[in-house]
Structures are given as C-alpha cells and as structure tokens.
Amino acid sequence: MISVDHVTVRLQGRVVLDDVALSLTERRIGVIGDNGSGKSTLAKLLNGLLLPDEGTVTVDGFDTRSHGKEVRSRVGFLFQNPDNQIVMPTVAEDLALGLKPLRLEAERVRQCVSETLERFALSHMADRSAHLLSGGEKQLVALAGVMISEPDILVCDEPTTLLDRRNAALVMKTIAGLSCMVITVTHHVEHLDGFDRVLVIDEGRVAHDGTPDQAIPSYLESLS
Ligand SMILES: Nc1ncnc2c1ncn2[C@@H]1O[C@H](COP(=O)(O)OP(=O)(O)O)[C@@H](O)[C@H]1O
Ligand SMILES: [Mg+2]
C-alpha cells in the first residue's frame, strides 16, 4: 500500500504536483493525462526516485525520504526507455545486477536468473548483447530485470510508448500477467481494460479518480 499524503513538488520554482493526496491499494491502477501534467513526477515519487518538497510518501509505512532502501526493495520502476534501465553487456548479466542488493550466493544468483529468463520467455537470449536487442525485447529484459527481485509493487512510466503495436501489446500482456500490484502511466487508454482504478492528472492535480469506465470518458471528454 502506498500513501501519498498532501504532496507538493516544485521543479525550478514551478509547482508540478499540487497538494496531492492518494491512498493506493488496488491491484491495477492506471495514470493518464496530458503531456506535462505531472504523471512522471507522481510515478517517480512512489519509489523515492523523487522526494516531495512538502508532504510525505510512504510504502507499507516506510517513508521514501528516510527509508529509501526499504521502499526500493518493495517498489520496482520500469522506465519508458529500456536504454535507461539496461546497463550490463549481456541479458543474463543485466538480470543478475537486479539481485545485487540481496547479496545472494553466486549459485543462487545463477538459478534465479535462469528461472526469471524462463518466466519471461527470454532464455534463448541469455548471452546476447542486451544493447543490440529490438525495442520490444529490450523492454521485456528491463521488466525481467525489475521483477527478478520480486517487488510487491511495479510502477511503469509509459512502458510502451517507444514500441510498435505488436510489441506494446506483448509488453502489456506480460505486465497484465504479473501477480504483484501494478501502477502504470500510459497514453493508451485501451491498455487500461480491466483495471481497478484510473487517476486522471491535470496540471499537477488529480482531476478524476475512479473506475476506468468513469475516469476515461471524463478525460476523453476534456480533450474535445
Ligand atoms: N527536472 C525538471 N526540471 C524542471 N521542470 C521539470 C523537470 N521535470 C519535469 N518538469 C516539468 O514538470 C512538469 C510535469 O512533468 P512530468 O511529470 O514529466 O509530466 P508528464 O509525465 O505528465 O508528461 C512539466 O511541465 C515539466 O516540464
Ligand atoms: Mg511523463
């Protein structure tokens, strides 16, 4: 459970999130809104990538400001661009990096990497150069690299924006199959089918908060 308690964020003197208060408990939560409305800023607050100027964010009671390590072990973050996420030369090495904070023995790391590669249907690329994969393959590797440490919550910031439709669908299907709680920012409202809750962000505030069939039409109407 993530609690956002009266959070204000200012970037370069401008208010980007304005007194946002949310209690996030649902299994599937979508975040939509115009470019520049504050969606990425909100997403980054949820695992302590960004700290609030006012208010607090807590994950299972751990404050992102004072307990960053505990928060990051619970909340994984998938970026829009997998190139920002993949750092090691090969796919298997990159997945192993995600286990580093757990300080496991080498044999346990090998086993865990192998199981995760299998789970994400990536076993055949274990020794391939991660940077030479296609966009869709890279995003799946990045996702596997986040999920290998078994976070309780996955936050995704437009994880399919750089992908073609086929790969976007594959990544969203893979994310949909995860058992953990997922909070995803997206411009593709069709990806929010079956979600429990959708937040519409507008100029740094939560303009709408409800089920997809309430929130999405309210957002689409605001565009016309
Ligand atoms: N590092 C930064 N410094 C200054 N302003 C920023 C920074 N990052 C984002 N912003 C501004 O904050 C606002 C919200 O950005 P962001 O959360 O990225 O929006 P979204 O993800 O909804 O497109 C935008 O106006 C953006 O220009
Ligand atoms: Mg963004």
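Residues numbered from 1 in each chain as written. Chains lettered and ligands numbered in written order. Predicted model: local features only at pLDDT ≥ 70, side-chain atom pairs only at ≥ 80, totals over all residues. Heavy atoms only, no water.

**Q** Would you mind going over the nonpolar core with me for this structure?
**A** Side chains that are nonpolar tend, in soluble globular proteins, to be buried together. Counting 34 residues, the largest nonpolar core has Leu-154 and Ile-175 as its most contacted members. No other element matches the seven residues that helix H5 (residues 135-147) contributes to this core. For Leu-154, the residues in contact, after removing those within four places along its chain, are Gly-76, Phe-77, Leu-78, Leu-143, Val-146, Met-147, Ile-175, Leu-178, Cys-180, Met-181, Val-182 and Ile-183. By size, the runner-up hydrophobic cluster in this structure holds 26 residues, among which are Ile-2, Val-4, Val-20 and Val-185. (Core = buried A, V, L, I, M, F, W, Y, C linked by side-chain atoms within 4.5 Å. Buried < 20%, exposed > 50% of the residue type's maximum accessible area, 1.4 Å probe, protein only. Helix = DSSP H or I, 4+ residues; strand = E, 2+ residues; numbered from the N terminus. Contact = heavy atoms within 4.5 Å.)

**Q** Can you walk me through the packing of aromatic side chains in this structure?
**A** When we look at a pair of aromatic rings, we describe it by the centre distance and by the angle of the planes. In this structure the tally under the stated criterion is one aromatic pair. Plain terms: the ring middles of Phe-77 and Phe-79 are 4.8 Å apart, the flat faces sit at 55° to each other, and that makes the pair tilted. (Phe/Tyr/Trp six-rings, centres within 6.5 Å; stacked < 30°, edge-to-face > 60°.)

**Q** Sorry, what's going on with the sheet that holds strand S6 (residues 75-78) here?
**A** Sheets are built from strands paired through backbone hydrogen bonds, the pairs being either parallel or antiparallel. Spatially, the six strands line up as an open sheet ordered S6-S7-S8-S3-S9-S10, and their pairing is mixed. A single partner strand is all that each edge strand has here, and the edge strands are S6 and strand S10 (205-210). The mean inter-strand angle of the sheet, taken between neighbouring strand axes irrespective of direction, is 15°. Where strand S7 (residues 153-157) meets strand S8 (residues 181-185), five bridges bridge the pair, whose relative direction is parallel. Paired with Cys-156 across the strands is Thr-184, a residue of S8. On top of the sheet, H5 reaches S6 and S7; it is set at about 170° to S6, its chief contact. (Pairing = 2+ DSSP bridges. Axes fitted to C-alpha atoms, helices over the stretch in contact; angles between N-to-C directions.)

**Q** Looking at this structure, I do not really get the packing of H5 against helix H6 (residues 165-176). What am I missing?
**A** As a packed pair, H5 and H6 sit with axes 9 Å apart at the nearest point and diverge in direction by 15°. For the element pair H5 / H6, the angle class is roughly parallel. As H5 packs across H6, the resulting crossing turns out to be right-handed. Touching Gly-136, Gln-139, Leu-140 and Leu-143 of H5 are Asn-167, Leu-170, Val-171, Thr-174 and Ile-175, all from H6. Its residues assigned to classes, the contact of H5 with H6 comprises five nonpolar, four polar and no charged. (Parallel < 35°, antiparallel > 145°, perpendicular 65-115°, else oblique. Left-handed = near helix turned anticlockwise from the far one by under 90°. Nonpolar A, V, L, I, M, F, W, Y, C, P; charged D, E, K, R; others polar.)

**Q** Help me out: how do you make sense of the pattern of salt bridges in this one?
**A** Taken as a whole and judged by the stated rule, the model has eight salt bridges. With a shortest N-O distance of 3.0 Å, Glu-26 and Arg-197 are connected by a salt bridge. Pair noted here: Glu-26 is in the loop between strand S2 (14-24) and strand S3 (28-33) and Arg-197 is in strand S9 (residues 197-202), with a separation of 171 residues, a long-range link. For Glu-107, the salt bridge goes to Arg-110, with nearest N and O atoms at 3.2 Å. (Salt bridge = Lys/Arg side-chain N within 4 Å of Asp/Glu carboxyl O.)

**Q** Can you help me understand the sheet that holds S2 in this one?
**A** With antiparallel pairing, four strands are arranged side by side in an open sheet as S2-S1-S4-S5. At either end of the open sheet lies a strand with only one pairing partner, and these are S2 and strand S5 (62-63). Relative to strand S4 (residues 54-59), strand S1 (residues 2-11) runs antiparallel, the two sharing five bridges. When the sheet's bridge partners are listed, Ile-2 is paired in S4 with Val-59.

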